[in-house]
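Read off the chains here:
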Amino acid sequence: MAHPFDFPGGIYPPERKDRSTQSPLRRAPLPSQVILPLCQHSGRPATPCVARGDHVRVGNLIAKRDGLISADIHATVSGTVSQVDSDAIHIDSNGQDTWQYLPPLDWRKTDAPTLLTRLDDSGVVGLGGAGFPTHIKARVIERHAIDTLVINAAECEPYITADDLTLRNYPGDVLEGAQLIAALCGAQQIIIGIEDNKPEAIAALEHILPDSQPARVTLAVIPTRYPSGSERQLIKKLLNRTVPSQGLPADVGVLCHNPGTLLAALHAVRDGQPLVERVVTLTGEALNQPANYWVRLGTSIENLLVHAGLDNAKLSRVVQGGPMMGSSLESLTAPVIKTTNCLIAATPDELPSAPMESPCIRCGACESVCPAQLLPQQLHWYARAQDDDKLTSHHLFDCIECGACSYVCPSHISLVDDYRDAKRRLRYQQIEAAKAEHAKHRFEFRQARLAREEAEKQARRQARLAHNKPTDGNASNESTSAPPADLRSLRIAQTAAKAAVRKAEKVLARAAQQEPQHSHEDLETLLATAQENLKAADLQLAQARESAKAPTAEDTL
C-alpha cells in the first residue's frame, strides 16, 4: 500500500453510509416511461435524431453530441418515442427490453482511435458528478504526458456508497477499465485511492490486484476525512503533487477517474453497451429499503424512491448528491441522469434547515478547515461587497465548493453560497465582455464556411471539366490558361489549419474541465471555425494535386 501524504484542512462529518451498505446491490424495476434530458453532461446539449412515433431498442442512438464537449444519448428502454422537445426525449416502454449492442472490441488488440471512437459513440461521461466526456479526457495524451492514473474511490461525502458497492461487486471489471484508460492515456502506473471505511471493497480489490496488468497497480488506503475525494486533495494525498492554481491534474501528469466511469468505459468497449444505466445510492431515514440500485437513465426519481419504500409522512426533502455538495430537489418528477449518484430522502431531524445567519465573529474556523488553503472569511466579505478584483487576487476560482467552511461556521453563514453567487457574477461579466469576440468568431465561422463551400464547388467543377475533357488533344482555353497551383503554399495552409484545430480543441477541453458546468459556446464556435478552415484547406490542396496530375494541352499533342 502506498504511503499517503497529506493535504491541509478537512472535516469529519457523520458518515451515515451504513443504511445503504447493509443490503446487496439491487436492480430497480424497468420503468414504464423514461424522460431523457438532452443535457446530462458537461458542454452543449445533444441534438435529437429521432422523431415522435419512432420505435427504439435499448442502446439505440436518440440524440447526437453537438460540438466537442457534449455526449451522445441512447434509449434506455425499448418502446416508442412519445415526445421530442427542446429539453428532453420521452420514450414509452413496451416492456420487452430488447437491446441493440455495438460490436464488442478487445481493447488490448484495438488501436487507440477506434477505442476513443467507441467511448464517444457510447456516450460515456464521468459518473462522479461533473459529467465530462470520457473520450475527451482520454485524449489528454495529445496535450500532456501522463504517468499515473488515479482511481478515485475515496467517496468521501456522507451517505454516498455507489462506488463502494461497485467495487465490492465488480473489482476485476473496474481494474480492467482502468487498464483500458491507462493504455489510452499512456499511464505507466495505476493508484487506487480509497478511504479506510470501506473494508469489503478493499478486500475485494486486494484479492483481484495480482491479476491486473499490464500497468502496475497500487492500492492506497487513506484515513477517512472529507474532502479527500476531491481531485486536487487526493493527488496531494497519494503522490504529494500540487495541482497549480487554475490548473488540471494533467498539468502534474495525473488523470483521475472514479470506479463507475471505468466500469462504464469497459462495458462500452468490451460488451458494446452504451451508457444507459448506472448505480445510484438510495438512502435517508424516510426510506424503508435503502440500498444501491442499478437504475436505467430517465427513470422518474419519485417512482424510484417509492420502490425503495418512501414514507411520505417522514419525508422533509430529497437531496440529489451528498449533503455537503448536493442540492435539494424542487420536484420529484425529475429523472435520473448520468450524473445522479445519490438520492437522500431525509427527515426533518436528519437534515434540518440551517439556523438563522448571525454576523461573522472572525473566529477563523473556516480558514483552518479549507482544503484549498484559501481565506474563506476574506472571500465572504469581498463577495458580499462585490469587490471583484480582491476576489480574483484571493483565488476565488480555486474554491472547490466542498462546504467545509460553511459546516464549521458558528455563525451559520452560507459561505459557499456567497462564493457561488460571486462566481456566477464574474462569469456573467466575462460572457458580456466576450460577446463582441463571440460575434467576431461567428463572422469568421461564416467566412470559413463560405470558403469551404467555394472549395467544394471548385472541386466539383474541376471534376466535371476532367470528365468532359476533349479527347482530340484540343483542351479548353480555360484549362490551358489556368495558372498552376502553388502546392507548397497550400500544404503550409493545411498544416496551419490543422494546428489551429488542435489549439482550439486544447483550449476548449481545458476550459470545459476547469468549469464543467459553465457554457463554452464561444470556444465551440472558435473550434468550428478552425474545422471549417481545415476542410477548405484540405479541399483546395486535393484539388490542386488533381490539377497537377491532369495532362496539359501540350501533353496531349
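Here the structure is shown first, and the text comes after it.
(A) Geometry of the pattern of salt bridges. With the rule as written, the count across this model stands at 24 salt bridges. Between Asp 147 and Arg 241 there is a salt bridge, with its nearest N and O atoms 3.1 Å apart. Residue Asp 147 is located in the loop between helix H3 (134-138) and strand E9 (148-153), and its partner Arg 241 is located in the loop between helix H7 (231-239) and strand E12 (254-257); the two are separated by 94 residues in the primary sequence. Judged by its relative accessible area of 29%, Asp 147 falls in the partly exposed class. When its relative accessible area of 24% is taken as the criterion, Arg 241 is described as partly exposed. One network of salt bridges, in which partners are shared, links Arg 27, Asp 97, Glu 277 and Arg 296.

(B) Spatial organisation of the packing of helix H4 (residues 162-169) against helix H6 (residues 199-208). As a packed pair, H4 and H6 sit with axes 8 Å apart at the nearest point and diverge in direction by 35°. In terms of crossing hand, the pair formed by H4 and H6 is left-handed. The segment H4 lies against H6, with Asp 164, Leu 167 and Arg 168 engaging Glu 200, Ala 201, Ala 204 and Leu 205.

(C) How the structure looks around the pairing of E9. Counting buried residues in E9 gives 6 out of 6 residues, a clear majority hidden from the surface. In this sheet, E12 lies alongside E9 in parallel orientation, the contact comprising 4 bridges. The residue of E12 that forms the bridge with Thr 148 is Val 254.

(D) Fine view of unusual backbone geometry. Here the residue pair Gln 213 and Pro 214 is connected by a cis peptide bond, since its omega of 10° sits within 30 degrees of zero. Along the polypeptide, Pro 214 turns up in the loop between H6 and strand E11 (216-222). In this structure, the amide linkage connecting Tyr 226 to the following residue, Pro 227, adopts the cis form with an omega of 5°. In this fold, Pro 227 is placed in the loop between E11 and H7.

(E) Structural context of the environment of Asp 251. Along the chain, the position of Asp 251 falls in the loop between H7 and E12. Note on Asp 251: relative accessible area 30%, which makes it partly exposed. The contacts of Asp 251, once residues within four sequence positions are left out, are His 144, Pro 244 and Arg 510. Of note is the side chain of Asp 251, whose polar atom sits 2.8 Å from the backbone nitrogen of Leu 248.

(F) Expanded view of H4. Counted residue by residue, H4 has 6 buried out of 8 residues, so it is predominantly covered. Those residues of H4 that fall on the buried side of the exposure criterion are Ala 162, Asp 163, Asp 164, Leu 165, Thr 166 and Leu 167.

(G) Seen up close, the sheet that holds strand E4 (residues 55-56). Spatial strand order, E2-E8-E7-E4: 4 strands in an open sheet with antiparallel pairing. The open sheet has two edge strands, strand E2 (33-37) and E4, and neither has a second partner. Here E2 runs beside strand E8 (residues 88-93); their pairing, made up of 5 bridges, is antiparallel. What sits directly across from Val 34, in E8, is Ile 91.

Rules used throughout
Residues numbered from 1 in each chain as written. Predicted model: local features only at pLDDT ≥ 70, side-chain atom pairs only at ≥ 80, totals over all residues. Heavy atoms only, no water. Salt bridge = Lys/Arg side-chain N within 4 Å of Asp/Glu carboxyl O. Helix = DSSP H or I, 4+ residues; strand = E, 2+ residues; numbered from the N terminus. Buried < 20%, exposed > 50% of the residue type's maximum accessible area, 1.4 Å probe, protein only. Axes fitted to C-alpha atoms, helices over the stretch in contact; angles between N-to-C directions. Left-handed = near helix turned anticlockwise from the far one by under 90°. Contact = heavy atoms within 4.5 Å. Pairing = 2+ DSSP bridges. Polar contact = N/O pair within 3.5 Å; in protein donor to acceptor, adjacent residues only side chain to side chain.

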